[in-house]
Amino acid sequence: MAGRINDDDVKAVRDAVPIDSVVSEYLQLRSAGGGNLKGLCPFHDEKSPSFQVSPGKGLFHCFGCQEGGDTIAFVMKIDHLSFSETVERLAAKAGITLRYEEGGYNPSHQRGERIRLIEAHQAAADFYVRALESPEAEIGRKFLAERGFDQDAATHFRVGYSPAGWDHLTRYLRGKGFSDKELITSGLSQDGRRGPIDRFRGRLMWPISDTAGEIVGFGARKLRDDDNGPKYLNTPETPIYKKSQVLYGIDLAKKDIAKASRAVVVEGYTDVMACHLAGVTTAIATCGTAFGNDHIKILRRLLMDNGSARVIFTFDGDSAGQKAALRAFEDDQKFAAETYIAIAPDNMDPCDLRLAKGDDAVRDLVEPRTPLFEFALRQIVGRYDLETPAGRAAALDEAAAVVAKIKTSSVQREVAVQLAGFVGILDQEFVVRRVAQLARWARDKGGDGRGDPRGGRGPGGPQDRRGGTPQQPVQTPAAPSGPALNLRSPAHRTERELLKLALQKPALVSPAFDAYGADEFTAPPYAAVRQCIAEAGGAERGLGDNREYLVAVMDAAPNNAVRSLVTELAVEVFMGRTIDETYAGMQLVHVRLRAVDRRINEVQGSLARLGSNVAPDDLAAAQNEVWVLQQYAQSLRAKGADAL
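Within each chain, residues carry numbers counting from 1 in the order of the written sequence. Totals for whole chains, interfaces and linings use every residue, but because this is a predicted model, local features are given only for residues with pLDDT of at least 70 and side-chain atom pairs only at 80 or more, for both listing and counting. The basis for every side-chain value is the complete set of heavy atoms in the structure, and neither hydrogens nor water enter the calculation.

Structural notes on the overall build of the protein
And step 1. Of regular secondary structure, the protein possesses 26 helices and 18 strands.
And step 2. Under the scheme applied here, a residue whose accessible area is under 20% of the maximum for its type counts as buried, over 50% as exposed, and between as partly exposed, the area being computed with a 1.4 Å probe on protein chains only. For the protein, buried positions account for 49% of its 644 residues.
And step 3. Only heavy atoms enter the contact rule, under which two residues are in contact if any of them lie within 4.5 Å. In the protein, of all internal contacts separated by at least 6 residues, the share reaching a separation of at least 24 is 66%.
And step 4. For the protein, the accessible area works out to roughly 30,100 Å², and carbon and sulfur atoms hold 49% of it. In DSSP terms, a helix is any run of H or I states spanning at least four residues, a strand is any run of E spanning at least two, and both are numbered starting from the N terminus. Surface exposure here means Shrake-Rupley accessible area, sampled with a 1.4 Å probe, where a residue is shielded only by the protein chains that are shown.

Brief notes about the pattern of salt bridges
And step 1. Put simply, a salt bridge is a Lys or Arg side-chain nitrogen that is within 4 Å of an Asp or Glu carboxyl oxygen. Going through the model one piece at a time under the given rule, you end up with 29 salt bridges.
And step 2. Among the salt bridges present, the one from Asp359 reaches Arg354, with a minimum N-O distance of 2.8 Å.
And step 3. Across the pair Asp397 and Arg434 runs a salt bridge, and its minimum N-O distance is 3.3 Å. Taken together, the residues span a long stretch of sequence, with Asp397 in helix H18 (residues 389-403) and Arg434 in helix H20 (residues 428-444) at a distance of 37 residues.
And step 4. Here the residues in one salt-bridge network are Arg89, Arg114, Asp210 and Glu214, joined through shared partners.

With respect to unusual backbone geometry
And step 1. In this chain, Ser510 is followed by Pro511 through a cis amide linkage whose omega measures 10°.
And step 2. Structurally, Pro511 is set in the loop between helix H21 (490-504) and helix H22 (524-535).
And step 3. Of note, Arg158 is a non-glycine position whose phi angle comes to about 55°, a positive value.
And step 4. Relative to the helices and strands, Arg158 is located in the loop between helix H8 (151-156) and strand E8 (160-162).
And step 5. A positive phi angle, near 50°, is found at Ser261, a position not held by glycine.
And step 6. For Ser261, a relative accessible area of 5% translates into the label buried.

Observations regarding the packing of helix H11 (residues 250-260) against helix H13 (residues 293-303)
And step 1. One can describe the packing of H11 onto H13 by two numbers: an axis separation of 8 Å at closest approach and a directional angle of 40°. The pairing of H11 with H13 is recorded here as oblique in orientation. Facing H11, whose interface residues are Ile250, Lys254, Ile257 and Ala258, H13 presents Ile298, Leu299, Leu302 and Leu303. Fitted lines through C-alpha atoms serve as axes, helices being fitted only where they are in contact, and the angles separating the N-to-C directions of these axes extend from 0 to 180 degrees. What sets the label is the angle itself: under 35 degrees gives roughly parallel, over 145 gives roughly antiparallel, 65 to 115 gives roughly perpendicular, and the rest give oblique.

Observations regarding the environment of Arg158
And step 1. For Arg158, a relative accessible area of 28% translates into the label partly exposed.
And step 2. Along the chain, Arg158 and Met205 lie 47 residues apart, while their C-alpha atoms are 8.6 Å from each other.
And step 3. Setting aside anything within four residues of it in sequence, one finds Arg158 in contact with Gln122, Ala125, Asp126, Val129, Met205, Pro207 and Ile215.
And step 4. Side chain to side chain, Arg158 and Asp126 meet in a polar contact 2.7 Å long. Distance and chemistry together define a polar contact, namely a pair of N or O atoms within 3.5 Å, with one atom able to donate a hydrogen and the other to accept it when in protein, and with adjacent residues in sequence counting only for side-chain atoms on both sides.

Remarks on the pairing of strand E5 (residues 59-62)
And step 1. On E5, burial follows the alternation: Phe60 and Cys62 on one face are buried, whereas Leu59 and His61 on the facing-out side are not.
And step 2. Across four bridges, the pairing between strand E4 (residues 51-54) and E5 is antiparallel. Directly across from Gln52, in E5, lies its bridge partner His61.
And step 3. Two strands form a pair only when DSSP identifies at least two bridges running between them. Hairpin remark: E4 followed by E5, antiparallel, with four residues in the connecting loop; positive phi at Gly58, about 70°.
And step 4. Of the pairings in the sheet, the one linking E5 to strand E6 (residues 68-70) comprises three bridges and is antiparallel in character. Its bridge partner being in E6, His61 is matched across the sheet by Gly68.
And step 5. Counting the residues in the hairpin turn of E5 and E6 gives five residues, including Gln66, whose phi is positive at 70°.

Some details on helix H3 (residues 71-79)
Side chains three or four residues apart in an α-helix point the same way, a direct result of the helix having 3.6 residues per turn.
And step 1. Of all the residues in H3, the buried ones are Thr71, Ile72, Phe74, Val75, Ile78 and Asp79. For H3, the buried positions fall inside an angular range of 160° around the axis, keeping them on one side.
And step 2. Count one or two residues on from H3 and you reach His80, which has phi positive near 55°. Relevant arc is that of directions from the helix axis to the C-beta atoms, nothing else.

A word on the sheet that holds strand E16 (residues 310-313)
And step 1. In spatial order, the strands read E15-E14-E16-E17-E18; together these five strands make up an open sheet with mixed pairing. Across the chains shown, the open sheet's two edge strands, defined by having one partner strand only, are strand E15 (283-285) and strand E18 (370-371).
And step 2. Pairing of strand E17 (residues 338-341) with E18 involves two bridges; the strand directions are antiparallel. Within E18, the residue paired with Tyr340 across the bridge is Pro371.
And step 3. This element, helix H12 (residues 269-277), spans strand E14 (262-266) and E15 of the sheet and lies at about 175° to E15.

Digging into the confidence of the model for the protein
Predicted coordinates in regions of low pLDDT should not be interpreted in detail.
And step 1. Taken over all residues, the pLDDT of the protein has a mean of 82, while the share at 70 or more is 86%.
And step 2. Scored from 0 to 100, pLDDT records how confident the predictor is in each individual residue. Segment residues 104-110 is flagged for pLDDT under 50; beyond a separation of four residues in sequence, or across chains, it makes 14 contacts in the model.
And step 3. A low-confidence stretch, residues 447-484 (pLDDT under 50), is modelled with 95 contacts involving residues beyond four sequence positions or located in other chains.

Thoughts on H13
And step 1. Buried residues dominate H13, accounting for eight of its eleven residues.
And step 2. Every buried residue belonging to H13 is among His295, Ile296, Ile298, Leu299, Arg300, Arg301, Leu302 and Leu303, and all of these are buried.

Details of the sheet that holds strand E3 (residues 36-39)
And step 1. In space, the five strands of this open sheet follow the order E2-E3-E4-E5-E6, with antiparallel pairing throughout. Single-partner strands in this sheet number two, and they are strand E2 (30-33) and E6. Adjacent strand axes in the sheet meet at a mean angle of 25°, parallel and antiparallel pairs treated alike.
And step 2. Sheet topology note: the E2/E3 ladder contains three bridges and is antiparallel. By the bridge assignment, Gly33 is partnered in E3 with Asn36.
And step 3. Contacts from H3 reach E4, E5 and E6 within the one sheet, and its direction differs from that of E6 by about 120°.

In structure tokens:
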């Protein structure tokens, strides 16, 4: 049984390892003012940083998911370690020798599994590096040299060699005190007929590290023709190695990725080496799997989604590369960064390009040029005969379905307009409507858990544009979606204030607020909260027992995300100094006026696009609607809340 770590030693470890230095190994931190630092929370997805670190207090806290604690709590949470494992790791980092109570300290029994597996990989990496210098490894050194990598390059990337015998590494690690069970669990050894044997034999070895720089696995490249295994063989899934959660080179690239707000995603170990040696030190690669959600999370924490971030993919131009690009495009919207694709001449990868044309060619390759969405859609469209109506229709159907997956409406529209050009359809609005229709169908089927985001009432005013009355219930999104809430946006600020008033001071906005539709709130999360209020009986219900009213609103929330936003708005302070009827009236008027102006622009835009093709009766009805709305807008501007 493991001994208990001495309390004084735990305190010494906590004091010796600055929390900001530990956290910054996993995400980029920037000043938050007041001596605090901020970054994108590693424990939940978020668009703007709500994760804060206080170096002076040795604490972290996320205002988004409410995770918090000290350095030990952070490491335990992010690396799924026990308390003892975490203290041991941090003690090693600080050079502190720990004392154990309840008996002596036996590393082979008392160190946690993860730390033991990390130590086994570290020992294996040292073994492989030394083996690369052996006569047997001449074939490996020749492989590297032929690709432009000298001894210094091999040393920098810790490239090694696994001897061709059955159990060289296994016997070496046994001698270091590792048990057969640990060797099998680590993936460094595998079961043989007479006991454990080496998993990797006669191959070049690349150590794969996590974001903190700890070796968690290996990538092994075949060198000999008599090797019947795959060209590349990676560590299997283990307690410390999940291929979907690691990026080769991230330990070397993370600081430059954060500094430059740019990442280059390549396809192989030698491509990462070539890029770094050519000066592209932000290059990383996946390890035997497609670039996916977990990889995006790793990069987002480093890029900080600051608007100027860039992610450049260097997929091959062959069919496999095209498929990879399409998969990446479907995940593209999960980045706030702009994404691009780079394809070298003759479809050379960065390693081959460096050999053929030098470092300058590699640096030039990864300069952003072709947006990823453009490349992906052109690949789809290019499979059809666009000279025929049937070909254009088929191309549009397939490509529009991809564009419809984009959740941010403004981005979806922009890409749809460009898709029209790719397909050769002059009527851009037809393509925009087609994409929007597919998106609505997907939502109605429950594909993303939301209802029609444009459902519900019109922009307010005397009559709903669908013929409904202001008191009719409104179908709105069941969960927050769409672009991140931007409190720099006057519309979002006003909508937020109005919802806070409806929750905290309903007497100031009732009964006018209850005539507002959910689609008068441009941010889908706010529309979802508005729907909750409606389902709870409206702000008018808050005139009685306000506590019961808030409970009813929270009970109406379809999920925890909406419920959390309700509670947040219910306790958040107001932006104004004096919260009275005048202040409430201003928020009511601003929200309604923006909705009316949006509807006027919609109708006028439709008339402009249709031109002379609109039927006389439809034209007269549209012109009358515009006139009524303009009069209403003028009244709102002149009379304020009295015109509601």
